[in-house]
Each structure stands twice: as structure tokens, then as C-alpha cells.
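So you can see what is in the structure, the chains are spelled out below.
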Amino acid sequence: ADAAEVGQFIDRTLRLGRGRVRFVVTSRSALGLDGERVVPVPALAAEDAERMLRSLLPAPIPTTALAFMLECMDGLPLGIALVAEALSAAPIDDVVEALSDKPHLLHGVTTWRGVRQRNLATAIAWSWANLDPASRQLFMALAGRPSDATFDDVCRSCLELRLAGSPAELLRRLTRASLVVPHVSAKDRSSHYHVLRPIATFVRARARELERPIEGP
């Protein structure tokens, strides 16, 4: 179901419940309902990501493999869950090899998970499909960078690519789609914009199918 259908269902149920019903909904965009409270959920911090993966593992794994898996997933909760599922069905070396090659294609093994959440590529592609052309071009530029972008970097990319729309609005669209993660630099307290590693890998792998080649390592 899309956000509109979910919103209609929740609105109807809340009216029937007359204050006795509450919903917790995970969505890539606000539903726009009366009384809705939106709580942004960022990528997990390193300690939280490790705690989540350890709690989901079917058995302890070597520290080096654990660290590599966490690095590949870059705090992405869905990615961490898929890694844990893969480890329940395949040897550690096979999972490490898959992450080294194409981490965005890592599959979960559960049947209850929605189609869009059974591998990272499908989840990312769904977000990509819902972007307008200008947001896609900016996203590709950010994904090709070797480091996080500042707002000045974003403005420069928008000018170079002659994108329609303000840099702030394009960034808002990307962050709402969970494709770009904003954060404040501890060094100078300025805003930076990060593309999570699995997402950047997906974009690089699909570069030939997208509008233009992606620069960067």
C-alpha cells in the first residue's frame, strides 16, 4: 500500500476509535493527518548499529567480520537486519564475499518482510523511482563524492548541473526519501550531507542505467 492508502485507513480507524486507538507508522514521508507527530529516524550510530547486529545474530562471529559488516551497512537498520538474516542461512565467508561485491543485493530470508524490504536494491530503487529529475541528478552527484558534502558543495553542484529548484528544497526531498542523511559536523558545527555506503554502492552499480556516469572512487 502507498502512503495515501495507509493514511486513509489510519484516518478512518482513528475516527471510529474516538481516541482509543494509536498508531506507530514507519514511512518515508509524513501522512498529513490531524494530530500526527513526525519523528525523524536517522541512521544508527556506530554503537547502536553494533548492538542491533549482535542482538540479531544467530551466533557470535569473529570481530573482524562483524566490523566489516557494520562498515558496509553504515548504520542502515534494514541493511543490518538483512545481514543478520543472511548469516542465519549462509556461512560467514559467503556473506562477507557478498558484501564485498554487491552489498545492495543482499537478500533477507524471511517471508513476512514486504517485497520492497527483501533486499536493499529494491528498497533504494523504490525511493529512486519517486524522485523528480532534478533530485535524481543531485543525488547522483552526492553519491559520487569521496566525502560528505557541505551545503556549499550542494549549491555548487546545483549550479554546475543547472538544476531546477533551490538547493535547500532538493536536499529536503532527498532526506525525506531517506537517501541523504544530514548531520552536524563536530569539528565546526556546520551542516553536512551523507549518502550511506549501501546506497552509494547501489548508485555506482546502476550508473550505466542512470542519466550520466558517476565520478568518484
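Every value quoted in this text rests on a predicted model; they were computed, and no experiment measured them.

(A) Up close: the overall build of the protein chain. Per the secondary structure count, the protein chain includes 10 helices and 3 strands. Its helices and strands taken in sequence order, the protein chain reads α-α-α-α-α-α-α-β-α-α-β-β-α from the N to the C terminus. Every one of the 217 residues in the protein chain was classed for burial, and the buried ones make up 36%. Across the protein chain, every contact between residues at least 6 apart in sequence was considered, and the portion connecting residues at least 24 apart equals 59%. Total accessible area computed for the protein chain in this model is approximately 13,100 Å², and 54% of it derives from carbon and sulfur atoms.

(B) Molecular detail of the confidence of the model for the protein chain. For the protein chain, per-residue confidence averages 81 on the pLDDT scale, and 85% of positions sit at 70 or higher. Across the protein chain, the secondary-structure element scoring lowest on mean pLDDT is helix 6 (residues 120-129), at 78, and the one scoring highest is helix 8 (residues 151-161), at 94. Counting interchain partners and residues more than four positions distant, the pLDDT-below-50 stretch residues 212-217 has 18 contacts.

(C) Molecular detail of the nonpolar core. Residues L53, M69, F139 and L142 are the most contacted members of the largest nonpolar core, which totals 50 residues. Sorting elements by how many residues they give to this core places helix 4 (residues 77-87) first, with 7 residues. Excluding anything up to four places from it in sequence, F139 contacts W128, L174, L179, V180, V195, I199 and V203.

(D) Focus on the packing of helix 2 (residues 46-56) against helix 3 (residues 63-73). Where helix 2 meets helix 3, the axes come as close as 10 Å, and the angle between the chain directions of the two elements is 120°. In this view, helix 2 runs oblique relative to helix 3, as classed from their interaxial angle. At the point where helix 2 passes helix 3, the crossing takes the right-handed sense. Listed contacts from helix 3 to A49, E50, L53 and R54 of helix 2 are L66, M69 and L70. A breakdown of the residues in the contact of helix 2 with helix 3 according to their chemical character gives 5 nonpolar, no polar and 2 charged.

(E) Representation of a negative patch on the surface. A cluster of acidic side chains, namely D93, D94, E97 and D101, defines a negative patch on the protein surface. Along the chain, the position of E97 falls in helix 5 (residues 92-101).

(F) Region of the structure containing the state of the cysteines. Going through the model one piece at a time under the given rule, you end up with 0 disulfides. In this model C158 remains outside any disulfide bridge; the closest cysteine sulfur is found in C155, 6.4 Å from its own.

(G) Representation of the sheet that holds strand 3 (residues 191-194). The sheet built from 3 strands is open, its strands ordered 1-3-2 with antiparallel pairing. In this open sheet, the two strands that pair with only one neighbour each are strand 1 (149-150) and strand 2 (181-184). Of the strand pairs in this sheet, strand 2 and strand 3 are connected by 4 bridges, and their pairing is antiparallel. Bridging from a neighbouring strand, H183 pairs with H192 of strand 3.

Conventions we followed
The residue numbers shown here count from 1 along each chain, following its written sequence. It should be noted that, the model being predicted, local features are given only for residues of pLDDT at least 70 and side-chain atom pairs only at 80 or more, the latter also being counted only at that level, while totals for whole chains, interfaces and linings use all residues. Processing note: side-chain calculations cover all non-hydrogen atoms of the structure and skip hydrogens and water entirely. Put simply, DSSP H or I for four residues or longer makes a helix, DSSP E for two residues or longer makes a strand, and each gets a number counted from the N terminus. To sort residues, take the accessible area from a 1.4 Å probe on protein chains only and compare it with the maximum for the residue type: under 20% means buried, over 50% means exposed, and anything in between is partly exposed. By definition in these notes, contact holds between two residues if any of their heavy atoms fall within 4.5 Å. For accessible areas, the Shrake-Rupley method is used with a probe of radius 1.4 Å. Any residue's cover is judged against the shown protein chains and nothing else. Residue-level confidence of the predictor, termed pLDDT, takes values from 0 up to 100. In this description, a nonpolar core means a group of buried Ala, Val, Leu, Ile, Met, Phe, Trp, Tyr and Cys residues linked to one another through side-chain atoms lying within 4.5 Å. Only the stretch in contact is used when a helix axis is fitted, and all axes are lines through C-alpha atoms; the angle between N-to-C directions ranges over 0 to 180 degrees. Each angle is binned into one of four classes, with values under 35 degrees roughly parallel, values over 145 roughly antiparallel, values of 65 to 115 roughly perpendicular, and all other values oblique. Less than a right angle of anticlockwise turn of the near helix away from the far helix marks a crossing as left-handed, whereas a clockwise turn marks it as right-handed. Residue polarity is assigned by list, with Asp, Glu, Lys and Arg as charged and Ala, Val, Leu, Ile, Met, Phe, Trp, Tyr, Cys and Pro as nonpolar; anything else, Gly included, falls into the polar class. Only residues whose relative accessible area exceeds 30% and that form no salt bridge are eligible for patches; like-charged ones are grouped when within 9 Å, while nonpolar side chains (Val, Leu, Ile, Met, Phe, Trp, Tyr) are grouped when within 5 Å. Note on definitions: salt bridges are taken to be side-chain nitrogens of Lys or Arg within 4 Å of carboxyl oxygens of Asp or Glu. In this tally, Lys and Arg are treated as positive and Asp and Glu as negative; His is ignored, and so are the chain termini. Where a charge lies is defined by one atom per residue type: Lys uses NZ, Arg uses CZ, Asp uses CG and Glu uses CD. In what follows, a disulfide is any cysteine sulfur pair within 2.5 Å. Between any two strands, pairing holds if DSSP finds at least two bridges.

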